[in-house]
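Letter by letter, the chains look like this.
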Amino acid sequence: MADQEPDVLIAAGFKMAEDVFEFAKKYPEIKVAVVDVDPTNGGTVEAPANIRGLMFKANEPSFLVGYIAGLTSQTNKVGFVGGMESPLILEFDYGYRAGVLYAAKEKGEDIECMVQYVGNFSDAQKGKSIANTMFQNGADVVYHAAGGAGDGVINAAEEQGKWAIGVDRDQNDLAPDAVLTSAMKNANVVVYNLLKDIAENDKFEGGVTQTFGLKDQGAVGIAPTSDKNVAPEVLEKVKGIEEKIVNDEIIVPNTEESFAEFQANLK
């Protein structure tokens, strides 16, 4: 790609962080943007001046789908299946758990949230096995943040007549009658706006990381197909929850520590 002398290179995925970092240093004349990578490592590293990280507050849409799961569940048992345990996937995990807790408080009932990790993002069979165990133990809604392994979660929900919740994109097409909703990370919106800014204003700030959440309209949210399977009254309530997050009335946790604090303040 460097041989084709592009003005901008867009890379996606945290697994290529190291390679993209080296690329940016080697080709300082090329603007580089990378999705799901913070090249500054939380401000502790001086990133090359031509690279920009594009991160998403995965905990916020996860909170919304956790809230939906909690209000939708008939058994008051739900689940979360993660891929590999990492700070990024823990954001999905704790955001979801917090949403479930919020729904539980609203219902005035306890809701159990089962959590298990696959150990990778590719083993759909293991993802299916974990989800099946959760369903057998009474869960009726399971959310995954497990990449390809999550396809197994959706497959299990379809076979068991239960609900799965998709991630990153609208996954309703995989099982229209089994995917309740999906937590959306709209990288397309963010990348489009970035390229538009470069093309129209020649504006590109490098050496930094931008993090997008519900305050950045269209960057994250729930799937547009949610109205197919989520009860209308629940969807109406979700709008109010979004507003509370945008207005900082609800601070969504993304770590074990912040989740414990959220839990304590909710009581």
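If you're wondering where the values come from, they're calculated on a predicted model, not measured in any experiment.

Undergrad: Describe in detail the overall build of the protein chain, supporting the description with residues and values.
TA: Counting secondary structure elements, the protein chain contains nine helices and 10 strands. Taking 267 residues into account, the globule formula puts the C-alpha radius of gyration at 18 Å, and the protein chain, at 19 Å, falls close to it. Based on the C-alpha atoms only, the size of the protein chain along its principal axes is roughly 55 × 40 × 35 Å. When burial is assessed residue by residue, the protein chain has 50% of its 267 residues classed as buried. When the accessible surface of the protein chain is split by element, carbon and sulfur atoms take 46% of a total near 12,900 Å². Each charge sign in the protein chain was given a centre, from 23 positive and 42 negative side chains, and these centres are 3 Å apart.

Undergrad: Quick one: what's the story with the sheet that holds strand β9 (residues 208-212), residue by residue and with numbers?
TA: What the four strands build is an open sheet, ordered β1-β2-β3-β9; its pairing is parallel. Two strands lie at the open edges of the sheet, namely β1 (8-12) and β9, each paired on one side alone. Strand after strand, the sheet turns through a mean of 20° between neighbouring axes, direction not considered. In terms of strand pairing, strand β3 (residues 51-56) meets β9 through five bridges, oriented parallel. The partner of Gly-53 across the bridge, within β9, is Thr-209. Sheet strands in contact with helix α1 (residues 17-26) are β1, β2 (31-35) and β3, and its direction is about 170° off that of β2. The strands that helix α6 (residues 187-201) touches are β1, β2, β3 and β9; relative to β3, the one it contacts most, it runs at about 150°.

Undergrad: Can you explain the nonpolar core? Please cite residues and give values.
TA: If you look at the biggest cluster of nonpolar residues, it comprises 56 residues, and the most contacted ones within it are Phe-63, Phe-92, Tyr-96 and Tyr-143. Ile-130, Ala-131, Ala-156 and Ala-175 belong to the second-largest nonpolar core, a separate cluster that totals 19 residues.

Undergrad: Could you give me a rundown of the packing of aromatic side chains, with the residues and numbers involved?
TA: Applying the stated rule across the entire model yields 11 aromatic pairs. Taking 6.1 Å as the distance between ring centres and 35° as the angle between the ring planes, the aromatic pair formed by Phe-80 and Tyr-96 counts as tilted. One end of the pair, Phe-80, is in strand β4 (residues 77-82); the other, Tyr-96, is in helix α3 (residues 87-107), and 16 residues separate them in sequence. Across the pair, Tyr-96 and Phe-80 agree in class, each one buried. Plain terms: the ring middles of Phe-80 and Tyr-117 are 6.1 Å apart, the flat faces sit at 65° to each other, and that makes the pair edge-to-face. Taken together, the positions of Phe-80 in strand β4 and Tyr-117 in strand β5 (residues 112-117) put the pair 37 residues apart, joining distant regions of the chain. Each member of the pair, Phe-80 as well as Tyr-117, carries the same accessibility label: buried. Connected via pairs of aromatic rings, a cluster forms that spans Phe-63, Tyr-67, Tyr-102 and Phe-262. The residue whose ring lies beneath Arg-52 is Phe-204, and the NZ or CZ to ring-centre distance is 5.1 Å.

Undergrad: Break down the pattern of salt bridges for me, with residues and values.
TA: What the rule picks out here adds up to 10 salt bridges. Close ionic contact of Glu-106 with Lys-237 constitutes a salt bridge, the shortest N to O distance being 3.2 Å. Of this pair, Glu-106 sits in helix α3 while Lys-237 sits in helix α8 (residues 232-246); the two residues are 131 residues apart in sequence, bridging distant segments of the chain. You can call Glu-106 partly exposed: its relative accessible area is 38%. Residue Asp-248 pairs with Lys-215 through a salt bridge whose shortest N-O separation is 3.1 Å.

Undergrad: Let's hear about the side chain of Ser-73: which residues, and what values?
TA: Secondary-structure assignment places Ser-73 in the loop between α2 (59-72) and β4. In this structure the side chain of Ser-73 is engaged in a polar contact, spanning 3.3 Å, whose partner is the backbone nitrogen of Thr-75. Not counting residues up to four positions away in its chain, the partners in contact with Ser-73 are Val-78, Lys-107, Asp-140 and Val-141.

Undergrad: Can you explain the pairing of β3? Please cite residues and give values.
TA: Burial analysis of β3 places six of its six residues in the buried class, the great majority of the element. Across the two faces of β3 the burial is the same, with Ile-51, Gly-53 and Met-55 and Arg-52, Leu-54 and Phe-56 all buried. As paired strands, β2 and β3 are joined by four bridges and run parallel to one another. Bridged to Val-35 within β3 is Leu-54.

Undergrad: Explain the packing of helix α4 (residues 124-136) against helix α5 (residues 150-160) residue by residue, including any values.
TA: Geometry of a packed helix pair, given as the angle between the helix axes and the separation of the axes. The interhelical angle for the contact between α4 and α5, taken along N-to-C directions, is 45°, at an axis separation of 7 Å. Compared by their axis directions, α4 and α5 come out oblique. The way α4 lies across α5 gives a crossing that is right-handed. For the pair α4 and α5, the contacting residues are Ala-124, Gly-127, Lys-128, Ala-131, Asn-132 and Phe-135 in the first and Gly-152, Val-153, Asn-155, Ala-156, Ala-157, Glu-159 and Gln-160 in the second. Its residues placed into classes, the contact of α4 with α5 shows six nonpolar, five polar and two charged.

Criteria and cut-off values
- Think of each chain on its own: its residues are numbered from 1, step by step along the sequence as written.
- At least 70 in pLDDT is required for a residue's local features to be given in this predicted model, at least 80 for side-chain atom pairs to be given and counted, and no such filter applies to totals for whole chains, interfaces and linings, which use all residues.
- By convention in this description, side-chain values take in all heavy atoms of the structure and omit both hydrogens and water.
- Each helix corresponds to a stretch of at least 4 residues labelled H or I by DSSP, and each strand to a stretch of at least 2 residues labelled E; elements are numbered beginning at the N terminus.
- The globule rule used for comparison is 2.2 Å times the number of residues to the exponent 0.38, while the radius of gyration itself is calculated over C-alpha atoms.
- Only protein chains enter the accessibility calculation, which uses a 1.4 Å probe; a residue is then buried when its area is under 20% of its type maximum, exposed when over 50%, and partly exposed in between.
- In this description, accessible areas are obtained by the Shrake-Rupley approach with a 1.4 Å probe, and a residue is regarded as covered only by the protein chains that are shown.
- The charge count treats Lys and Arg as positive and Asp and Glu as negative. His and the chain ends do not count.
- Lys charges are placed at NZ, Arg charges at CZ, Asp charges at CG and Glu charges at CD.
- DSSP-based pairing: two strands are paired if at least 2 bridges between them are found.
- To get an axis, a line is fitted to the C-alpha atoms, and for a helix only the part in contact is used. The angle between two axes follows their N-to-C directions and goes from 0 to 180 degrees.
- Pairs of residues are marked as contacts when any of their non-hydrogen atoms sit within 4.5 Å.
- By convention a nonpolar core is built from buried Ala, Val, Leu, Ile, Met, Phe, Trp, Tyr and Cys residues, the set being connected through side-chain atoms within 4.5 Å.
- Think of it this way: a Phe, Tyr or Trp ring, Trp meaning its six-membered ring, pairs with another when their centres are within 6.5 Å, and the plane angle makes it stacked under 30 degrees, edge-to-face over 60, tilted otherwise.
- Two conditions define a charge located above a ring, namely a distance within 6 Å from the ring centre to NZ of Lys or CZ of Arg, and an angle within 35 degrees of the ring normal.
- We define a salt bridge as a contact between a side-chain nitrogen of Lys or Arg and a carboxyl oxygen of Asp or Glu at a distance within 4 Å.
- Any pair of N or O atoms that falls within 3.5 Å is considered a polar contact. Within protein, one atom must be able to donate a hydrogen and the other to accept it, and sequence-neighbouring residues count only if both atoms are side-chain atoms.
- An angle below 35 degrees is treated as roughly parallel, one above 145 as roughly antiparallel, one from 65 to 115 as roughly perpendicular, and anything else as oblique.
- The handedness criterion is simple: a crossing whose near helix is rotated anticlockwise from the far helix by less than a right angle is left-handed, and one whose near helix is rotated clockwise is right-handed.
- By the convention adopted, Pro, Cys, Tyr, Trp, Phe, Met, Ile, Leu, Val and Ala count as nonpolar, Lys, Arg, Asp and Glu as charged, and the other residues, Gly among them, as polar.

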